[in-house]
Amino acid sequence: IYFLILTVAIKKRSRVPGVMITQYVENIPAGKSTPDFSQKPISVTVQEGKKAVFKAVVTGEPAPTVTWGRNRNTDSYSHCNLSMAMILFYQIPDVKSDHADTFKCFATNEYGKAICTALLNVSEVYLCLVNVHLCTTKNKSYNIFTSLTTSASSVIPRKKQLPKKKNGEIDPKLWELLLSAPRKDYEKICIDYGVYDFRWMLKRLKQLKKEREDEQAKRLDNVKQIEVKPNGKAEFELDMTLKDPNSTINLYKDGMMVLYGTDETSKHCLKQKGTKYVFTINDPQPEDAGFYQVDVEEVNTFSPLLVPEVEFIAQLKDVKAFEGEDAIFQCVLSTPLNRITWSTTDTSLENGDKYEITVSEDKLIHTLKVKDCAMADSRVYYAIAGIASSSATLTVEDRGVQFVSGLSDTVANTGEKAELSCKLSSETTEGRWYKDGKLVGWLFYSLKLFLIKSFICSNIEDPPKIDNDALGKFSEPVIVRAGENAEWKLPFSGGAPMSVQWYKDDEDLLPGLNVKIETSDTGSQLRLSKCQRKDMGEIKIKLKNEFGTIEATSKLIVLDKPTPPQGPVKILESAITSVEFKWKPPKDDGGSPITNYIVERQQVGRNKWSNKAEIPADNTSYKDSEVDPGRRYCYRIKAKNAEGVSDHLETEDIQAGVLRYPGPPSAPKVVSAFKDCINLAWSPPCDDGGSKIIGYNLEKHKKGTNYWSLVNQGGPITVKDVIEGAAYEFRVAAINLSGAGEPSIPCDTVFARDPMKPPGKVIDLKLTSSNYTTFSLAWTKPTEVKGVEDEAQGYYVEIRPIESLEWTRCNVNPITPTSFTVLGLKAMAMYWVRVIATNYGGDGEPQGFDNYIIAMPPPVKPKFKDRNMKSFVVVRSGNTVRLNINFEASPLPEIIWLKDGLPVPKHVTITNSDVGSQFLIPTAERSDTGIYTIIVKNIAGQETFNVEIRVTDDPKPPGPVELEQNVSGTVTLSWTPSPDEKRDDRLHYMVEKRDSFKRTWRTVADNLFNNKCTVINILPGREYSFRVFAKNDIGLSAPSESPVWGTKKDRVKFKVDMPEPKVLDFQSAPSFLVPLKRRMAPQGYECYMSCAIKGDPAPRVTWYRDNISLNTNTNYYITNVCGVCSLLILRVGPKDNGEYKIVIQNPLGTAESSMMLNVRGTV
């Protein structure tokens, strides 16, 4: 009997790079798992004679079996397996040079196997690796190696001898010994070298080991694949400069010297090309993988060459493709690889325009696409991965003669020419033409783009047609009057069936009450009844059959009377003797031009309308001069054309004008001034008084006189009646149909003299003061130079921000003072400033500063304002800490807060302003205790202030109190410290005492910083109680009380002589402690009267006004509280004037007090 056993080998990816997992079964039971490495062994480099240790952490369920091996032999060394965490150690106690190898760790259980490798380097020095470049020229199925590379210089010196120990330093040899020695020998080695701080030694040693492991791990991360290609050679090259050209170069493989030659036929060849040395292995085999090293006296470099384990699960398959198509090769790997090598027999293939190389997301499926295949692409293609390869053949076939472009359907009209054409891939080919399956003829191609032509109709068509004369007649517009009918007729021809559709303004016309359509095979008619202006528009007919479409258009014009003129009516004038108004033309002129407008008038209050005028169509305004002042009129306007008169537009009531004068014009402006004349200009008034302005009255006033004289009625602009050198003011009044209105305000004083010359530059311009928003300027008036520079009459101040190119004037009108303050500046902004002198002759040249001005006050060294700032603050834990520090400084200072010399924590909120800084801790904790420093500094200096903040809480009470008597008459108290004593260095204790005689607590000691206190003056025969408080900056803790302490005393009988008691009589006649006082209350307010009385027994109280008892009057509120008697009047009135009296009486007598109440505001 034979059994067939099937096994499954599924490759899996580990979470740890460099670990290969093979799964034996398809489905793993719940709770079970394949082996894996959560920490794989790392490559190590040790000195010869030292101990090498590999460490690994293995996982898996069931627990896997772990074995170790190496590439070259299977020597066994000691290893330790800690089963709880599956931590494995593999040790080689005495490392030799032949131990340098690649070690493998295998973890196996019944569900799978995990493998990882680590490299052991044996050397007397630490090496840095050079960049190794492997050149490949020919493909083999097993020649892919991995090279460990780092970036370094090409020439690396050996490690120098350790420096000698200096005085006060630790011998460097100590660390070399500790790194390779077992932990149990650490103490002995340190004592030999005089090191006794073992805790520091262990920390430093751990740091050195971590640095070495990181360096080794960094080297492992820089691996790259080296590909050996089909010419049977593997190469790598290095740059190397020899100090001595005669130096000997040795080549080692796994520590064994390899003989090499310079002949390319040698197995191992080393050739020099300038400063580059090329190492070649001819016909490399798997056994050539190993650790290669090049030694040149004091310099060496090495490179491990490993063979990755990978297989092809799916091989490449042969592909056939036609010319111009794409060919695709695809393979599947057993192990994920980032890339594999694609090549032909003699060339490596790279991703580009011709070839497209892609990899799937799981790195298992690799694809090569050969684009736009040609006959030259027929060859063998290779996929190389590790020591495995796969090949396939691409065959490109010729398609033969084909149609590049075929025939297409053709439509032609009867009697027209039809053309059919096609294009072939071959230039010389016979062709046959068929019609409905029957041979038509033979043609032969002689040109590549030759067109085959045949005059054969494939279809005969009869599209719609319209006679040109009928079309011209139909296109003429149809003109009708409103209410008349409009008709259109159009004959046509064409193949049936024929579709006819009428449109008006692109909307379908359907038969209806006013629309009638009649259609036959040879024509169609449209009739529109009772046309109106709204029916105007474009009329269109559309004819359509299976062979085509044709359209014809016409227009409909409907004539009618115009629509009313448009409002609103605008009143142009409402004067005493005339009314003028204006309107807009009609919106629709009825299709005929407007000939004129008819205006009718009605006086308000009467029913008769009278025809006033007919106005030509080009005038849309009317002026009625036959009106009475103050009367109201209504007007109707009608439009007229050849078809009739429109409906009317009626105005609102228009009142004829009354005497209403215009408002004042603007103040006259001096255009120019000379010694014999002055030219003026002004703007008309805003209010014309309801009628047109017909002129102006111009008046002048000579300075020094008290009257205004009329210059010229009607408003001249040039005034010639002036005296040279005299000063004048002018004002103007507007005149309408009612008369002259109010005059304007006078113009500025103007002198009758010839034009002035512009002034010169201002003198001694300086900055007098400044702050963050303003600065003040001062200058001296420019010097007057006769005939060149006249006197300045005013000044302009201009500023320009340093980032801008435009000047801005700070004053709209010239100022006469020689100082000015510029407002609205930006803090710390930089400005250019200049001053311009001006007069009637114009502006002079500007005078500015040589440098820009900064908007800031003069520099002021920071200074704290509060003299009584707290330097010590106590805060309860959990509360808020808030400090407000006020200062003054210029420019704005930089503010820094520190805690114990370091930046404050992130939970501290700092809010700064121009004049202060706020420090805030929202919820304070004990860790916030410390000394906080605020530093305020600017260009003028700096200032600091320290605040100690102590965050604490109510202290916890001390422990039990014990009492002891060492000396008679004293007691010594001792207690356990409070738990807060270690956290609060300011915590102290307070002791209180109470004896059985006084029964009150008294402090006997305070500010105790120890846990013991001796109390004196302890009397015999009394019992004493003591209690101890813990005390800090917040307050006291709960007390810790002692047991009662007492001493015995012989008791003596105590006798007290009691005096005889005396009987006291407290009765007294009633009297006033505080009598009533005179009052004066305002009317409507409340009034309150009070007095204080005494008497025993308590006297009876009665209030009177003008000798009438008030005790039962509800208008008064009367009280008597503990001898204070009061009377309240809620609202005082005239009736409350008079004498108020209070009478008190008891059996021993009577007393009274009175006052006068006067109510203010009464007679």
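Residues numbered from 1 in each chain as written. Predicted model: local features only at pLDDT ≥ 70, side-chain atom pairs only at ≥ 80, totals over all residues. Heavy atoms only, no water.

Trainee: Provide a residue-level description of the overall build of the protein, including the pertinent values.
Mentor: From N to C terminus, the protein includes 4 helices and 91 strands. Split into buried and exposed, the 1163 residues of the protein put 38% on the buried side. Residue pairs at least 24 apart in sequence account for 62% of intrachain contacts in the protein once pairs closer than 6 positions are excluded. A total accessible area of about 69,000 Å² is found for the protein, and carbon and sulfur atoms account for 51% of it. (Helix = DSSP H or I, 4+ residues; strand = E, 2+ residues; numbered from the N terminus. Buried < 20%, exposed > 50% of the residue type's maximum accessible area, 1.4 Å probe, protein only. Contact = heavy atoms within 4.5 Å. Areas by Shrake-Rupley, 256 points an atom, 1.4 Å probe, with all protein chains shown as cover.)

Trainee: Explain a nonpolar patch on the surface to me, and be specific about the residues and the numbers.
Mentor: A grouping of I802, M828, Y852, I854 and L892 is seen on the molecular surface, where their side chains present a nonpolar patch of about 370 Å² in accessible area. Structurally, Y852 can be placed in the loop between β64 (847–848) and β65 (853–854). (Patch = residues over 30% accessible without salt bridge, like charges linked within 9 Å, V, L, I, M, F, W, Y side chains within 5 Å. Salt bridge = Lys/Arg side-chain N within 4 Å of Asp/Glu carboxyl O.)

Trainee: Before we move on, can you summarise the sheet that holds strand β57 (residues 763–770) with the specific residues and values?
Mentor: Ordered in space as β57-β58-β61, the 3 strands form an open sheet in which the pairing is antiparallel. Because the sheet does not close on itself, it has two edges, and the strands there are β57 and β61 (819–822). Adjacent strand axes in the sheet meet at a mean angle of 20° when their direction is disregarded. Bridge count between strand β58 (residues 775–780) and β61: 4 bridges; the pairing is antiparallel. Its bridge partner lying in β61, A778 is registered against S819. (Pairing = 2+ DSSP bridges. Axes fitted to C-alpha atoms, helices over the stretch in contact; angles between N-to-C directions.)

Trainee: Which residues make up the environment of L316, and what values go with them?
Mentor: As for its position among the elements, L316 is in the loop between β20 (312–314) and β21 (319–322). Once the C-alpha coordinates of L316 and V332 are considered, the two residues, 16 residues apart in sequence, prove to be 8.7 Å apart. Contact partners of L316, with chain neighbours within four places excluded, come to F329, Q330, C331, W342, Y381, Y382, A383, S390, S391 and A392.

Trainee: Mind laying out the pairing of strand β33 (residues 486–491), listing which residues take part and the relevant values?
Mentor: Residues A486, W488 and L490 of β33 are buried on one face, while the alternating residues E487, K489 and P491, pointing to the opposite face, are not. Bridge count for β33 against strand β37 (residues 523–528) is 6 bridges, and the pairing is antiparallel. Among the inter-strand pairings, K489 is bridged to a residue of β37, identified as Q525.

Trainee: Pulling in residues and values, what's your account of the nonpolar core?
Mentor: Membership of the largest hydrophobic core comes to 25 residues, with the highest contact counts inside it found for V19, F37, F54, V66, I92 and L120. Those elements that provide at least two residues to this core are β4 (44–46), β5 (52–61), β6 (65–70), β8 (87–92), β9 (101–109) and β10 (112–122). When residues of this core are assigned to their parent elements, the largest contribution, 5 residues, is made by β10. Those residues in contact with F37, other than ones at most four positions away along the chain, are S14, V16, V19, A56, V57, V58, C105, A107, A114, I115 and C116. If you look at the next biggest cluster of nonpolar residues, it comprises 24 residues, including A327, L333, V370 and L394. (Core = buried A, V, L, I, M, F, W, Y, C linked by side-chain atoms within 4.5 Å.)

Trainee: Explain the pattern of salt bridges to me, using residue names and the numbers behind them.
Mentor: Evaluated as defined, the whole model comprises 38 salt bridges. Across the pair R527 and E487 runs a salt bridge, and its minimum N-O distance is 2.3 Å. With R527 in strand β37 and E487 in strand β33, the pair connects residues that are 40 residues apart, well separated along the chain. A relative accessible area of 37% means that E487 is categorised as partly exposed. Residues D721 and K700 are paired through a salt bridge, measuring 3.5 Å at the closest nitrogen-oxygen approach. Pair noted here: D721 is in the loop between β53 (718–719) and β54 (727–736) and K700 is in strand β51 (residues 695–702), with a separation of 21 residues, a long-range link. Assessed through its relative accessible area of 58%, D721 is described here as exposed. Salt bridges linked by common partners bring E948, R950, D984, D985, R986 and D1033 together as one network.

Trainee: Give me unusual backbone geometry: which residues, what numbers.
Mentor: The omega angle of the peptide bond from G567 to P568 is -5°, so this bond is cis rather than trans. Mapped onto the fold, P568 is located in strand β40 (residues 566–574). Across the junction of D1096 and P1097, the peptide omega takes the value 0°, indicating a cis bond. Secondary-structure assignment places P1097 in the loop between β85 (1087–1096) and β86 (1100–1105).

Trainee: Tell me about the side chain of D624, and name the residues and values.
Mentor: Note that D624 resides in strand β44 (residues 621–624). Under the relative-accessibility criterion, D624 is labelled buried at 1%. There is a polar contact of 3.1 Å between the side chain of D624 and the backbone nitrogen of E626. In this structure, D624 is in contact with T577, S578, V579, R601, K612 and Y635, ignoring residues within four places of it in sequence. (Polar contact = N/O pair within 3.5 Å; in protein donor to acceptor, adjacent residues only side chain to side chain.)

Trainee: Please give an account of the environment of P758 that cites residues and values.
Mentor: Inspection of the secondary structure assignment puts P758 in the loop between β56 (750–751) and β57. In this structure, P758 is in contact with V788, E789, D790, N839, G841, G842, D843 and G844, ignoring residues within four places of it in sequence.

Trainee: Explain the environment of R834 residue by residue, including any values.
Mentor: Assignment of secondary structure puts R834 in strand β62 (residues 830–839). Separated by 34 residues in the primary sequence, R834 and R800 place their C-alpha atoms 8.9 Å from one another. When neighbours within four sequence positions are excluded, R834 is seen to be in contact with Y796, V797, E798, W807, P846, Q847 and G848. A polar contact is formed between the side chain of R834 and the side chain of E798, at a distance of 2.7 Å.

Trainee: Summarise the confidence of the model for the protein; cite the residues concerned and give the values.
Mentor: Note that predicted coordinates carrying low pLDDT should not be read in detail. Per-chain confidence: the protein averages 81 in pLDDT, with 85% of residues scoring 70 or above. Within the protein, strand β11 (residues 144–148) has the poorest average pLDDT of any element, 30, and strand β59 (residues 794–801) the best, 95. Across residues 78–85 the pLDDT falls below 50, and counting only partners more than four positions away or on other chains, this stretch makes 15 contacts in the model. This stretch, residues 125–167, has a pLDDT under 50; its non-local contacts, to residues over four places away or in other chains, come to 150 contacts. (pLDDT = per-residue confidence, 0-100.)

Trainee: Which residues make up the packing of aromatic side chains, and what are the values?
Mentor: Tallied over the entire structure, the rule returns 17 aromatic pairs. Between W975 and Y989 the ring centres are 5.6 Å apart and the planes differ by 65°, which places this aromatic pair in the edge-to-face class. Of this pair, W975 sits in strand β76 (residues 971–975) while Y989 is found in strand β77 (residues 988–995), placing the two residues 14 residues apart along the sequence. A residue is classified by how much of its surface remains accessible, and W975, at 6% relative accessible area, is buried. Residue class for Y989 comes out buried when judged on its relative accessible area of 0%. (Phe/Tyr/Trp six-rings, centres within 6.5 Å; stacked < 30°, edge-to-face > 60°.)

Trainee: Account for the sheet that holds strand β72 (residues 916–921), naming residues and giving values.
Mentor: Here we have 4 strands laid out as an open sheet, ordered β66-β68-β72-β71, and antiparallel in their pairing. Each of the sheet's edge strands pairs with one partner strand only, and the pair in question is β66 (860–864) and β71 (909–912). Adjacent strand axes in the sheet meet at a mean angle of 20°, parallel and antiparallel pairs treated alike. Judged from the 4 bridges that link them, β71 and β72 form a sheet pairing that is antiparallel.

Trainee: Report on the pairing of strand β17 (residues 276–282), specifying residues and quantitative values.
Mentor: The buried count for β17 comes to 6 of 7 residues, which makes it a mostly enclosed element. Sheet topology places strand β16 (residues 268–273) next to β17; 6 bridges connect them, and they run antiparallel. Among the inter-strand pairings, K271 is bridged to a residue of β17, identified as V278. Hairpin connection of β16 to β17: 2 residues between the antiparallel strands, including G274 at a positive phi of 70°.

Trainee: If you had to explain the side chain of T933 to someone new, which residues and values would you point to?
Mentor: With respect to the helices and strands, the residue T933 is situated in strand β73 (residues 930–938). Among the polar contacts listed, one links the side chain of T933 to the side chain of N946, at a separation of 2.7 Å. With sequence-adjacent residues up to four places away left out, T933 is seen in contact with I896, W897, L898, T944, F945 and N946.

Trainee: Tell me what's going on with the state of the cysteines, and back it up with residues and numbers.
Mentor: By definition, a disulfide is the covalent link that joins the sulfur atoms of two cysteine residues. A complete count under the given rule lists 0 disulfides for this structure. Cysteine C116 remains unbridged, with the sulfur of C105 as its closest cysteine sulfur at 5.0 Å. Free cysteine: C1125, not disulfide-bonded; nearest cysteine sulfur from C1091 at 5.0 Å. On the basis of relative accessible area, C1125 is assigned to the buried category, the value being 0%. (Disulfide = S-S within 2.5 Å.)

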